[in-house]
Amino acid sequence: MKIKTVKTTAIEGQMPGTSGLRKKTRVFMEPNYLENFIQATFDAIGGGTGKTFIVGGDGRFFNKDAIQVILRMAAGNGVSKVIVGQDGILSTPAASHLIRLNKADGGFILSASHNPGGLDEDFGVKFNAENGGPAPEGLTAKIFEATTTMNAYKTVDADDIDLSKTSTLSHGDMTVQIVNSVSDYQALMETLFDFDAIRALFASGFTMRFDAMHAVTGPYGTAILEDALGAPAGTVTNGVPLEDFGKGHPDPNPIWAKELMDVMMSDASPDIGAASDGDGDRNMIVGRGAYVTPSDSLAILAANAHLAPAYASGLAGIARSMPTSAASDRVAAKLGIQAYETPTGWKFFGNLLDANKVTICGEESAGTGSSHVREKDGLWAVLLWLNILAVRKQSVSEIVKDHWETFGRDYYSRFDFEDVALDAANDMMENLRGRLDDLTGKSFAGLTVVSADEFSYLDPVDGSTSNNQGLRITFEGDGRAVFRLSGTGTQGATVRLYLEQYSGQGGDINQDTQTALQQVRDAAFEMSDMKAMIGRIEPDVIT
Ligand code: G1P
Ligand code: ZN
């Protein structure tokens, strides 16, 4: 098969430091756009010759076409083997596992995560490195650099490969192995959790609803929850991956998983509800009538992880992103292990996991995971919850209440202001940044500021520093507000305001969340002058 070199042009590529390239689908479909990014990646990692890669995606529109492009380009770049998920399907955690399991040199994951899919929606590609985690900053910088100077890419003339059957084929000298998307991942889950105990739980009449949101976890949920663990057929809803996610927004939070939330708040509620996002790395957990915030879920999983076989000997440490609530820090303190606070984004956990400094990590944005892969893992979190429920034989809300009674409650909410004019958002942040040093001791909405700073992170493993990671203000009485601009939005700026109020140990754990947060919220609005700066204080999404 003849390798050919095709002329291409520089693209407005991935921003350095972000994990992957996320754009409108039509942009990816422009001639040579995807090709430029893939070639840039091969160039940045020192070429493809003799290497092995994993390829798969969340099943959104353009997934299969993009895989065919990558397969031809891999052959053109001298790659020796590519392992692809059947029908092009691989969840992000399953891809991370396959990279590690096969000692591959990396993987291409096709997804725009929880963003809607379709011709007029979003598409994305990210490269994960050989540890199975998102490309580190040094590598994303190299990829970015390469996209801007690119003038040709390498590919081959070859027909599309049939991805619908598990088989081993060849593209010239390159081997293409099409594997069952679920089985290796399922085998990993069986080593971590007590499947017998969970099977007994379902056999006893325990009920569940897992909403796959027409995204990638449908096949995983059906195989593991229904087929392997014996949950009744119909436990998995919206279980068939669709190219447009059924026109839904596959983001597992109370807003976008409203169908599930409504059932869980009704008389017909099963014992537990759960959902995952487009590419299967996020999770939502909700008990009968009781939503569990991701920050609480991280803390509860950490406090109870020893009940699952893989974590029976304890945790090395716990990491959370800075805007995530302090609930997991309290667990770490009680367990006598280290708590780490990292910038937003999963890649910062990778070094800590590789260095065995932490076992469990999580973010307020519905991402939880452990050392078993180098990505957050939606179904893993669901299975750990099930394992804990099977052992403790209590309801979700009993476990949550017990946790709050032991540790106190960290009331928590995130306000998102979407599609804000870039200048206005930057001005508001700049203005507040400029006043940080003067805030301490001042009062806003009746609350006195105890400290105010801009978060910067010194990676304890590689010594690198990441600056400008969010403005954080703590108040008297254990309240906190964090201001941050999103790095994943595709239109204008998204301002995120994270609010937190600790009840104190033995404090009132039965308040309504927004009521408990009212003072911190008003103080945040006042100190940032948000209404004047961005023109509104009504968020688009409250989680
Ligand atoms: C968002 C979340 C962050 C998560 C990222 C990727 O990023 O807030 O926790 O790691 O998506 O899933 P943001 O848009 O806030 O930059
Ligand atoms: Zn995701």
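Rules used in this analysis
Residues numbered from 1 in each chain as written. Chains lettered and ligands numbered in written order. Predicted model: local features only at pLDDT ≥ 70, side-chain atom pairs only at ≥ 80, totals over all residues. Heavy atoms only, no water. Near = heavy atom within 4 Å. Polar contact = N/O pair within 3.5 Å; in protein donor to acceptor, adjacent residues only side chain to side chain. Areas by Shrake-Rupley, 256 points an atom, 1.4 Å probe, with all protein chains shown as cover. Helix = DSSP H or I, 4+ residues; strand = E, 2+ residues; numbered from the N terminus. Buried < 20%, exposed > 50% of the residue type's maximum accessible area, 1.4 Å probe, protein only. 1 Å grid on protein atoms, 1.4 Å probe; cavity = no way out; pocket = protein on both sides within 12 Å on 5 of 7 lines; lining within 4 Å. Points joined across faces, edges and corners; volume = space filled by probe spheres on them. Nonpolar A, V, L, I, M, F, W, Y, C, P; charged D, E, K, R; others polar. Donors = N, O, S within 2.8 Å, 3.2 Å for Na, K, Ca; no water. Tetrahedral: all angles 85-135°; square planar, octahedral: opposite > 155°, others 65-115°.

A. Focus on the site of ligand 1. Close to ligand 1 lie 13 residues, the nearest being Ser365, Ser486, Gly487, Thr488 and Arg496. Take lysine 376: an N or O atom from its side chain is 3.0 Å from an oxygen atom of ligand 1. Within the contact set of ligand 1, an oxygen atom lies 2.7 Å away from a side-chain nitrogen or oxygen of arginine 484. In the complex, the protein chains occlude 91% of the 380 Å² of accessible area that ligand 1 would expose alone.

B. Inspection of unusual backbone geometry at higher detail. Despite not being glycine, methionine 213 has its phi angle at roughly 55 degrees, a positive value. The backbone phi angle of aspartate 419 is positive, close to 50 degrees, even though this residue is not glycine. Following the sequence through the fold, aspartate 419 ends up in strand S19 (residues 410–420). Taking the relative accessible area as the measure of exposure, aspartate 419 reaches 46% and is therefore partly exposed.

C. The arrangement of empty space enclosed by the protein in detail. Within the structure shown, the criterion is met by two cavities of 30 Å³ or more. Of the volumes computed, that of the largest cavity is approximately 50 Å³. Lining the largest cavity are Asn283, Met284, Ile285, Tyr291, Val292, Pro294, Ser297, Ala366, Gly367 and Thr368. For the lining of the largest cavity, the secondary structure elements donating two or more residues are strand S13 (283–287), strand S14 (290–292), helix H10 (294–304) and strand S18 (367–370). The dominant element in the lining of the largest cavity, judged by the number of residues it contributes, is S13, at three residues. When its residues are assigned to classes, the lining of the largest cavity shows six nonpolar, four polar and no charged.

D. Geometry of the coordination of the zinc ion (ligand 2). Within the first shell, the zinc ion (ligand 2) binds the protein through Ser113 (OG), Asp277 (OD), Asp279 (OD) and Asp281 (OD), at distances of 2.0 to 2.2 Å. One way to put it: the four donor atoms around the zinc ion (ligand 2) meet at angles of 86 to 162 degrees, and that makes the site irregular. All donors of the zinc ion (ligand 2) come from a single chain, and their spacing in sequence reads S-x163-D-x1-D-x1-D. Of this pair, serine 113 sits in the loop between strand S5 (106–110) and strand S6 (122–128) while aspartate 279 sits in the loop between strand S12 (272–276) and S13, placing them 166 residues apart in sequence. With respect to class, serine 113 is no different from aspartate 279; both count as buried.

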